Each structure stands twice: as structure tokens, then as C-alpha cells.
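# Commentary on secondary and tertiary structure
Here's the letter readout for the chains.
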Amino acid sequence: MAATTYRVQGARPRSAGLTGLALRTPYYVLTGGLAIIFLFPLFWAGIRSVSPQPGTAQVHGWGMGNYNTLVHYQSGIWQFVMNSAVISGLTVVFTLAVSLLGGYAFARFSFPGKNVLFMLTLAILMVPYATLLIPLYVLLDRLGLQNSLLGLSLVLTMFQLPFATFMMRISFESVPRELEEAALVDGCGSFKALLRVLLPSVRPGLVTVGLFAFLAAWNDFITPLVLISDSTKWPLPVAIANLRGLVMGVVDYGATEAGVAVLALPCIVLFILLQRQYVRGFMSGAIKG
Amino acid sequence: MSVHPPTTHPESLSPPGAVSSGRRRLGLSRRRRLAGWAYATPTAAFVAVFFVVPLLLVAQMSVSDWGLFNGDQGLNAPHNFSAAVDQRLFWPAVRFTVEYTVVTTVILMGCALGLALLVQEATRWNGFLRTAILVPSALGLASASLLFFAFYNSDTSPLGQAMQHLGLANGPVSFLGTPGHALWSTVALIVWRYAGFYMLLLLVALQSISADVYEAAEIDGAGVRQRFTRITLPLIRPTLALCTILCVTGSLLAFDQFYILTKGGPDNSTLTIVQLIYNAAFQGRNDLGLAAALSIIVLGALLVLNIGQFRWLRGKED
Amino acid sequence: MISIRSTGRRRRRAFTALVAVAAVSLAACSSGSGAKGGSVAQGGINGTDDGASLTLWTRAPLELQANQLVKAYNASHKNQVKLTVVPNDDYVSKVGAAAGSGGLPDLFAADIVYVPNWTKAGLFQDLTGQINKLPFAASINKGHLTAGTYRGKEYVLPFILDLSVMMWNKTLYKAAGLDPNKGPATLADFVTQAKAIAALHKPGVYGTYFGGNCGGCGVFTWFPMIWASGKDVLSPDGTRSLLDSDTAKQVYSDWKDLWKSGAVDPASKDDTGATWVGPFQQGKIGVMPYPASLLSTVDKTVDAGVTPIPGPDGGGSTFVGGDGIGVSKDSRHEAEAWNFLSWMMSDDAQVNVLAANDNIVSRGDLANNKYAVKDPRVVAINKVAASPDSKTPIAVNFQQAFNAPGSPWVTLLRDQVFNGKDNVAQDNSAITSVLGQ
């Protein structure tokens, strides 16, 4: 994978030993400082969420007071976590299903309107979110899906389709035809061939698509802001953003930091576990344009 | 680097004469085409219902008197568009959005390129660095904005306290309280969040440059700067252009960070176009027709910009 | 090539089906709104108490009183009300988004200055018949009722009255050598007293405070200063702004004077209204115009004195604000919702829940209730609420002109106090143009 192999530019033999270390120390200091700059805010937020602060539920001593605030805020943090989980789960399932079938179709079949449909799918990237959200608000209402997690998930799936379809298409195209042909010769229909033979081969692509769909759905802010008005159905980002203005007189920064910790935790965990898929997803961003 | 996705239609070319049973199987059979359509149907359904229909609807809404509460009241073109442009805050929002885009793109591209150059060698330390720089990209933009909202709190901000210690400020620093500060604080947030992503894209471009080219240049006596400007920059230009397009588009459509950090303040100095759209629809004006007109204007501007950028990119690529 | 035609037809059929689905969905009437579960009058004068679950939305500033009312109601009725508290800044967009998709709760409160706009937009159900049946209908707060009246029909009842009063910190007054039992009687007094507190130079303590980036706070606290001199701020039909009068200019220049002299807490400049009531409760402010609804909260930490808000020539006035409440157009439990409203206007709720907690009652006939007379400050508040100089401004586009973030009103007051720009006429006509939209 591209991310793990790098060529050396203008390499010189590295000076070994202490001299080398002394020469390179400023480099380590500089880059170490850089690493600290990027990592510090996250650590800071995590530590602050459990440290004593005036104006929060955790004024004296260390503890989980701020997280307690979250639990008792409106419907409670668990409700919002559940909402986010449902939205993300639905979005992932829909995206995987649609892009798996769609990628297969575009990669392996020829049918009239194929290019038009593919271009139209990619065209979603050209249209700004804001342009689509206003009519989507009206449209979901007409379909009876207003203010619902299902409606929101369908919209989020649509926004994922360009990347997901493209990703699955190139995944399928990189599978040798012989695999599929062999299955078809053995009498499988195309669907069985898809499930039995091709699916395992495109699994890395599926993981990448699923990962990005999950992260996009978990972190989206403006879409639920517009499409969900019932506060019991808020996903986490909207809930935490609203939490700040709740108490008149003081902004509860401790609870905000705790909220950020809850929001960020799954994302960081997924990032660390699936770094390779993460990077690969970004790369296809470069290729697709 | 190809900008358009690869299009391959091996099966649409029926080989003249020679026939192999395998090829015929995957050939132009009607069943095959129907199967193709069947697999593409979910995609088509999503695209039709949630993309094409809303596009048509927003076009209709932009020329209709369409209130949030009372719905479609009939056509009123071009009233919505003139009202949109005549708004007190339209040109200020446009001006700020463009200013923000330029500042962010220049700084972000510069930082990303610098970081990419810094960490391109394959060492373990660099591997750690790359991961560290990439971690903020794991967060959503709203989460990052909420984090920095707390981070920039005048009373307790570690950055503010550091600045006071260093003598850069006397008294608590107001990060979001003046237009200038609010802009730079937001840019800092965006750089923190997105530098890793663009660094990664540029790294791929950098490592696709063969070491031989550099060696040849060095033999010819080219210095470090010349190698950079004459070799590196031209060879990564397509990727750099792509990153610029992505960054410009994203910045023009900025919403989350401003909604969370400043809500457009202080004094409407950080109001972006998308915030205008949201405010027109839901913040009291309750005029969906006006919001639709604004969003069509944004769409038009972006299409022109993207097409222009692609043309420029293709023009340079030869 | 032969097979093209049949596949073409099939493709066309599929495409037509797709378009048909889209067309049907476009043509379908909007669902979800227009609840016709029953009518408000179904349960008679007291409504229906049958164990229904009702939803109620309110703004964060009035959370305290809302909770008091809801708790008392739930304890004594079969119906149960579920209260949702929404941050002030997001209330308008939340209601708007819900209203547009038929998702409003059974009951929702609205800042009284938004009520004309939302009433006109049809967000509330007609309560005229029910209100007229109430025995005390004539003594319900006129300002609030009028705000919710459209074309002769009444849609809104007063939920919680919030009035602005001048509050001062008696401890700080003593320390500054001021009479702790007398607040400012004129605007000039206010300026002098605030400067005196600032002159103490106590760390973190300032003379006064205001929401410098908060349009709603500004109208709540500064309008009475103009009204106290008998002047108006809006034309009677609510379409023209009179905020460039000489009285208004005097108010602006007094605040500018305070800011320049350092008597105002610097945090005022950025305050969007999220924290404007905090510093006084922490004992850091000498004197400031303040919401009377927070009197009991303030009493916990500060020894506070209360007086009506004066103008440049003295007098006293207050902004009769707070929230009105009505049954939403999307409610399916109208009779049960009315049960809550009629209980809320009853003697029991007004006296034993609101007044008992130092709140102002919404009925003129209960102004001298047993709790009110105990605290001379509450008596003073009730008195000024009934004064002819105390008003509730009514304008359909009030929110856009004054409360919305970045409204022309906020531009005006910031220009006057912070930015030192002398263009009152210009800023004022910006307000007028928004009012007249």
C-alpha cells in the first residue's frame, strides 16, 4: 500500500553515532513539537473532561462529573449515542448494499444508460450540501420521512454514493475476470457468483466504504440539524452543540469537553484499528478527483 | 494522474469472428443487460429520488414563493433572486467567504506541502509523525469545532495562557471576540484538522517521483531549491491542483465550524454563504424560496469555478 | 442490434416507473400536519385530564419557572407533561424546522416578541372561545394577549412574565459608600453609581454589565429607559423604528460613557446572551438592568435591591416580556393541552406555584397575592408592570429586526457603544427596512 512505502529523496549516508544524533536533534525537536501540536488538543480535551473546573459539575477534584451532566442532559447521552449508532448503522448497511450491487453492475456489466448513471452518481459531488438540504427537507416531509432517523440515513447514504460506488467499481475491476468466469461456467447465476466468488475479493474495498460511511454518518452535523427537529432523535454532534447554551449564565465547558470525548472516541479507535483502509480511502480521493 | 475514473467496457466489444465460450457468456446477452440494470437499480433509485428530484425541486422552489410554514404559494420569479442579492448581508457574506477561502487554501496547502516534504523518508520516527498529524483527521469537523470552542475559551485556554507567559498578550486572549481573531482562530482549527489529509495526498505524489530524477539533477549541479522548484513542484502539480480544488470547494461551503464557534459573529463578520442559506430558511425569515435561490446561486458559482479549474488543469497537463 | 428495441422498451418502462414514483411523491400532499384529533373546547372549560402524555417546549432562560409549573401539574393531574428546554439561540430555528414538517409539540412557549409572527403564520390553535369562558378573562395580562391576537382571535396565553428591573448589589454599594437601599432614580444616577463601584477597583468587580452582542438582551434592558420618558421605540403598527429619537441617543451616549470609562465588564463586548446574567449572580457587578424572573436565583448569592428602570428624566418602566404559550397546530391532544393551560391560569397555579417562588403573576386581579405582599421588591415589580409606561412591543418582524444574531439593532448598539460610529440615522433606517419586510 502506498502509504507504507516511501522513496528516499536525495539520500545521503546517515551519520551514525552521537555526532549524527547531535546534528539531527534540532530536527527531532522541531518535528516532535509538530507532533505535540497535533496531538495536544485531543489529550487536553480528554484530561479537561475529568479535571476540576469552576462552572461545571466537576468543580472540586477529578472525576466523572461532566459525564454525569451528559447522562442527565435532556434525553440523556445514551439516547443520543443510540441515535448516532442507529443512523450510522443504517447508513453503513445501505451504503454497502447499494454500492456493492452498483459497483458490480458498473464494473462487470454493460447496459444502456450505464455511463449516464455513473456520471450522475459522481455529479452528486459537484452539488453543494446546502443546495440539496433545503429541498430534501421538503421532500422527506412529503414522503412521510420527516424528522426520522430512517430518512436521515437515506440522505446520508446518498451523499456517500459517489465515493462508495467508485470505490467498489475499481475494487471489482481489479478482480481478475477468470474468477467470475469460472463460477459462471460452473452454472452459478451472476448473483451467486457475486456472493460466493467476488465478495471475498472485494472485502477490503467494502471495509473502506463501510468505514467512511460510518465516520461520515457519525460526524455529520448540518444534515441532522436541518432534517431532525425532535430533540429526542438528535445524533451526538447536534446534541453536544446544543448542550452548550443550555444553562443561563454559564457555558458548561466541562460538559462540552466530555461530549467531545464521547464523540471522538469511536473515530479515533476506528482510525487506529483500520489505518490502512483509512489511508486507502483518502488515496482514492486523489485518484477520483 | 487521471482525473476521470477509468472506464472499461471489455464486454461491449464483441470480438469479430473468433468466439470463445467464456467471452460469449459475459457478452451482450439480454439477460446480462437486465442483470446489469437490476444491480444498478438501487443506485439509480437513490440517485433519482434523493438527488435528481431534490435538484428539480430546489429549482422550482427558487422561483416560487415558498414559506417554511405555508409552503408553496406559486411562482414569483425572479423575486427570490433579487431579494437574495439585495439582502443586507449578502455581499459581506460573499466577501468573507472568499477571503476565508483564499487564506485557508494558501495556508493549508503550504502547511500540507511542508509537512509532506518533512516526513517523506521512510523512518519509524516519520511513521509516528505521519500518524500523529493524521489523527485529527479522524475527528468530524463538528467535533473538532466543539473541541476548539472549549479550547479557545478566554479564561482557561492553554494557548491563551501560553501566550501570556510568552509575553505575546497581557490579559486573557479573546480568540473569537474580534473579526480578525475569529478568522485566524478558525483557520488554525481547519489547518489542524485537515493538514494530515492533504499531507497524505501530497506524499503519494512526492513518492511517485523517481529518485533517479533527483540524482540526475544533483549530478548536473542543481541546488536544493532548484531541485524543489524545477523538479518537485512541476511533477506534483496535478495533485497540488486537485488538493487546491478540494480545499477551495470545501472552504466556500464552510458551515459547521462557523456555526459552532462564532454563529457568524462578532458583528456578522464571520458569516458565510451557507450560513446565509440556513438563516434564511430557519432563523426567523422562514423563507424557503429565498434559501433555495441562494443555494442555486452557490451551485452556479461552484460549477463555474470547478469547470474553470478542470479546464485550467487540463490545459497545463501536456 | 436486434435486441435493442425490446430492451429499449423495458428500459423506458423502468424509467417511466421511476419518474412516476417521483411525480407521485412530488404531488402528494404534505403529511404530518393538520392534526384533527379533536378540538380545544372538547373538554369544556377545564379541558380533559385523562392521562395523556403532553409535550411542551420552552426556552432556556425560563427553565426555572417552567420546571416549577410542570412539576406541580404532573403531581396533581393524570396528564403528564414532558418538558423540553431549548437553548435560546436555537429556539427559533427549532420551532421553524418542526413547524415546517408538522413536528411541533402539543404546547410550546414563545418569546412574546415572536408571538405576533408565529400567530400570523398559523402555528397556534384558536383559543378565543375557551379564553372568553374563563371568569377572570378581563384581568389576563393585556400585553401578552394582544401579542397573540390576530384578526380578532386570541391564540396565546401568558406563560411566564419576565420583566426587566434595575438590580443592584447592596454589599458593593455599602463598600462604595452608596446608599444600599436606594437604587438609581435617573439614568444619570445609574451612570454615577456604576462608576462608583468600578472605582473600588476590586479584582474582577465592575460597575455594570450588558449583553453587548445580544439583541434580545438589549431590547429587554434599554427599551424601558426610553419608555420611562414617555417616548416610543416603534410606530404603533410595528413597521417603523423610532430608535433615533433624542431620548434614545441619550441612552446610547450614557452607555458609551460607561464603556469608555471602564465601568463596564469587558466580557460584555462579546456576550451573545449566553452568559449575561452570570456575573451579577457571582457578586461581580454593582448595578445593572436584569430579569426579574431570576430574583429568587439571585437571592441565593447576592443581597439585591430592585427598582424600576429609570429614563434620562427619571420615571420608571419595564419591558413586559417573557413567554406566551399556546396549543400548536400539530397537537393531537388539544383538550388535554387546554387542561394544562386552564390550570396554569388558575388561582392555584398562579399563586401557589408562580407567586410562591417570587414570580410575577399573569393576572392583574392576583397582583396583591399573599406572597407578593411579603416582599416589597415584588410589590414594586408588580406596580411597575401595571404602569402605562411599561410595554410589550408588537411587530411581526420583531425577531428579524432585533433578536436575530447580527440584526440591525445589534449593529446599532454596537456601533454606538463599542465602535464609536456616529451613524444612528443609518442604522435606524436599517431596522425600519427589516421591520417593514
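Going along each chain's sequence as written, the residues are numbered from 1 onward. Working convention: letters from A go to chains and numbers from 1 go to ligands, in the order in which they are written. Per-residue local features are limited, in this predicted model, to residues with pLDDT of at least 70; the limit for side-chain atom pairs, both in listing and counting, is 80 or more; totals at the level of whole chains, interfaces and linings are taken over all residues.

Bringing the overall build of chain A into the picture now. Numbering goes from the N terminus for both helices and strands, where a helix is a DSSP run of H or I of at least four residues and a strand is a run of E of at least two. Of the regular secondary structure elements, chain A holds 13 helices and zero strands. The buried share of chain A, reckoned over its 289 residues, is 51%. Contacts in chain A between residues at least 24 apart in sequence constitute 76% of all its contacts with a sequence separation of at least 6. Whether a residue is buried, exposed or partly exposed follows from its count of other C-beta atoms within 10 Å of its own C-beta, namely 20 or more, 12 or fewer, or something in between, respectively; the C-beta atoms are built from the backbone. What counts as a contact is two residues whose backbone-derived C-beta atoms lie within 7 Å of each other.

When its secondary structure is counted, chain B shows 13 helices and two strands. By residue count, 43% of the 318 residues in chain B fall in the buried class. Of the contacts formed within chain B by residues at least 6 apart in sequence, a portion of 68% connects residues at least 24 apart.

Quick look at the interface of chain B and chain A now. Opposite the 83 residues of chain B that make contact, chain A presents 76 residues. Counting residues per element, the side of chain B that touches chain A draws most heavily on helix α2 (residues 30–62) of chain B, at 20 residues. Here the term charged refers only to Asp, Glu, Lys and Arg, the term nonpolar to Ala, Val, Leu, Ile, Met, Phe, Trp, Tyr, Cys and Pro, and the term polar to all other amino acids, Gly among them. The class makeup of the residues in the side of chain B that touches chain A is 60 nonpolar, 16 polar and seven charged.

All names here are of chain C. Along strand β6 (residues 157–169), 13 of the 13 residues are buried, which leaves the element largely enclosed by surrounding structure. Strand pairing requires that DSSP identify at least two bridges connecting the strands. Pairing of β6 with strand β11 (residues 320–327) involves six bridges; the strand directions are antiparallel. Along β11, the bridge assignment pairs Leu161 with Gly322. In terms of strand pairing, β6 meets strand β7 (residues 287–291) through five bridges, oriented antiparallel. Across the sheet, the residue bridging to Met166 is Pro289, located in β7. Bridge count between β6 and strand β8 (residues 304–307): four bridges; the pairing is antiparallel. By the bridge assignment for β8, Met167 is matched with Val306.

Moving on to the nonpolar core. Core membership is restricted to buried Ala, Val, Leu, Ile, Met, Phe, Trp, Tyr and Cys residues, and these are joined into a nonpolar core through C-beta atoms within 7 Å. B:Ala112, B:Tyr198, B:Met199, B:Leu202, B:Ile277, B:Leu294 and C:Met167 are the most contacted members of the largest nonpolar core, which totals 309 residues. A per-element tally of this core places helix α8 (residues 179–207) of chain B first, with 16 residues. If we ignore the near neighbours within four places in the chain, the residues touching B:Tyr198 are B:Leu108, B:Met109, B:Ala112 and B:Cys243.

Glancing now at the domain arrangement of chain B. Either an automatic procedure or a domain database provided the assignment from which the domain bounds are taken. Assigned domains within chain B: domain 1 (19–81) and domain 2 (90–270). Measuring from the centre of the C-alpha atoms in domain 1 of chain B to the corresponding centre in domain 2 of chain B gives 37 Å.

For α8(B), spanning 29 residues, the distance from its first C-alpha to its last is 40 Å, which sits close to the expected 42 Å at 1.5 Å a residue. B:Tyr194 marks the point of greatest bend in α8(B), at about 45 degrees. To estimate the expected span of a helix, subtract one from its residue number and multiply by 1.5 Å. A residue's bend is the angle separating two fitted axes: one through the seven residues that end there, the other through the seven that start there.

Moving on to the interface of chain B and chain C. At the junction of the two partners, chain B supplies 26 residues and chain C supplies 29 residues. In terms of residue class, the side of chain B that touches chain C is made up of ten nonpolar, ten polar and six charged.

Residues and elements named next belong to chain B. Taking every second residue as pointing to the same face, the buried face of strand β1 (residues 64–67) carries Ser64 and Trp66, while none of Asp65 and Gly67 on the other face is buried. Bridge analysis of β1 against strand β2 (residues 71–75) gives three bridges, and the strand direction is antiparallel. Its bridge partner being in β2, Trp66 is matched across the sheet by Asp72. Two successive antiparallel strands, β1 and β2, enclose a turn made up of three residues.

Once that is clear, we can look at unusual backbone geometry. Here the phi dihedral of A:Asn147 falls at roughly 55 degrees; this positive angle occurs in a residue that is not glycine. The residue A:Asn147 is located in the loop between α5 (129–142) and α6 (149–173) in this model. For A:Asn147, a count of 20 C-beta atoms within 10 Å puts it in the buried group. Positive phi is not limited to glycine here, since C:Arg151 has a value of about 55 degrees. Topologically, C:Arg151 is positioned in the loop between β4 (149–150) and β5 (153–154).

All right, on to the packing of helix α9 (residues 215–227) of chain C against helix α17 (residues 408–417) of chain C then. Packed helix pairs are specified by the crossing angle of their axes together with the interaxial distance, meaning the distance between the axes. All names here are of chain C. It is the contact of α9 with α17, at a shortest axis distance of 9 Å, that shows an interaxial angle of 70 degrees. The orientation of α9 relative to α17 falls into the category roughly perpendicular. α9 and α17 meet at a crossing whose hand is left-handed. Of the residues in α17, those touching α9 at Gly215, Gly218 and Val219 are Trp409, Val410 and Leu413. Axis geometry follows a simple rule: fit a line to the C-alpha atoms, using only the stretch in contact for helices, then measure angles between N-to-C directions, giving values from 0 to 180 degrees. Any angle between 65 and 115 degrees counts as roughly perpendicular, while under 35 counts as roughly parallel, over 145 as roughly antiparallel, and the rest as oblique. A crossing counts as left-handed when the near helix is turned anticlockwise from the far one by less than a right angle, and as right-handed when that turn is clockwise.

Okay, the environment of B:Phe175 next. All names here are of chain B. Position of Phe175 relative to the elements: it lies in the loop between α7 (158–165) and α8. A count of 23 C-beta atoms within 10 Å places Phe175 in the buried class. With 66 residues separating them in the primary sequence, Phe175 and Ala241 have C-alpha atoms 32 Å apart. Phe175 has contacts with Tyr152, Ser154, Ser157, His181 and Ser185, leaving out every residue within four places of it along the chain.

Right, let's talk about the environment of C:Gly311 for a bit. Residue and element names in this part refer to chain C. With respect to the secondary-structure elements, Gly311 resides in strand β9 (residues 309–311). Taking the C-alpha atoms as reference points, Gly311 and Met225, separated by 86 residues in sequence, lie 4.3 Å from one another. With residues up to four places along the chain from it excluded, the contact list for Gly311 reads Leu187, Met225, Ile226, Ala228, Ser229 and Thr247.

A separate point is the domain arrangement of chain A. All names here are of chain A. As far as domains go, chain A holds domain 1 (16–65) and domain 2 (67–288). On a C-alpha basis, the centroid separation for the pair domain 1 and domain 2 is 32 Å. If you look at the interface, domain 1 gives twelve residues, while domain 2 gives 13 residues. With four residues, the top contributor of residues to the side of domain 1 that touches domain 2 is helix α1 (residues 17–48).

With respect to the secondary-structure elements, C:Asn213 resides in the loop between α8 (187–198) and α9. As for C:Asn213 and C:Asp299, which are separated by 86 residues in sequence, their C-alpha atoms are 27 Å apart. If near-sequence neighbours (up to four positions away) are discounted, C:Asn213 is found in contact with B:Gly265, B:Pro266, C:Asp270, C:Asp271, C:Thr272 and C:Val410.

Looking now at the packing of α9(C) against helix α10 (residues 246–260) of chain C. All names here are of chain C. It is at 9 Å that the axes of α9 and α10 come closest, and there the two elements cross at 130 degrees. Classed by the angle they form, the pair α9 and α10 counts as oblique. For the crossing formed where α9 meets α10, the hand is right-handed. Where α9 abuts α10, its residues Trp222, Met225 and Ile226 lie against Thr247, Ala248 and Val251. Among the residues forming the contact of α9 with α10, the class breakdown is five nonpolar, one polar and no charged.

Turning our eyes to something else, we now look at the confidence of the model for chain B. All names here are of chain B. Scored between 0 and 100, pLDDT is the confidence that the predictor attaches to each residue. Per-residue confidence for chain B averages 85 on the pLDDT scale, and 90% of its residues sit at or above 70. Of all secondary-structure elements in chain B, the lowest mean pLDDT belongs to helix α1 (residues 21–25), at 50, while helix α4 (residues 90–118) reaches the highest, 95. Taken together, the stretch residues 1–22 has pLDDT below 50 and engages in 18 contacts with residues farther than four places along the chain or on a different chain. Predicted complex metrics record ipTM = 0.84 and pTM = 0.81.

We now examine the confidence of the model for chain A. All names here are of chain A. Residues of chain A with pLDDT of at least 70 account for 88%, and the chain-wide mean is 84. Taken element by element, the predicted model of chain A shows its lowest mean pLDDT in helix α13 (residues 275–288) (68) and its highest in helix α3 (residues 77–108) (94). The model gives residues 1–13 a pLDDT under 50, and that stretch makes 20 contacts with residues more than four places away or in other chains.

To continue, consider helix α2 (residues 65–72) of chain A. Residue and element names in this part refer to chain A. Taken together, the buried positions of α2 are Gly65, Asn66, Thr69 and Leu70. Around the axis of α2, the buried residues are gathered within 155 degrees of arc, so they sit on the same side. Along α2, exposed side chains directed more than 90 degrees from the buried face belong to Val71 and His72. Where α2 is buried, its residues contact α3 and α12 (253–273). To obtain the arc, one takes the directions from the helix axis to the C-beta atoms.

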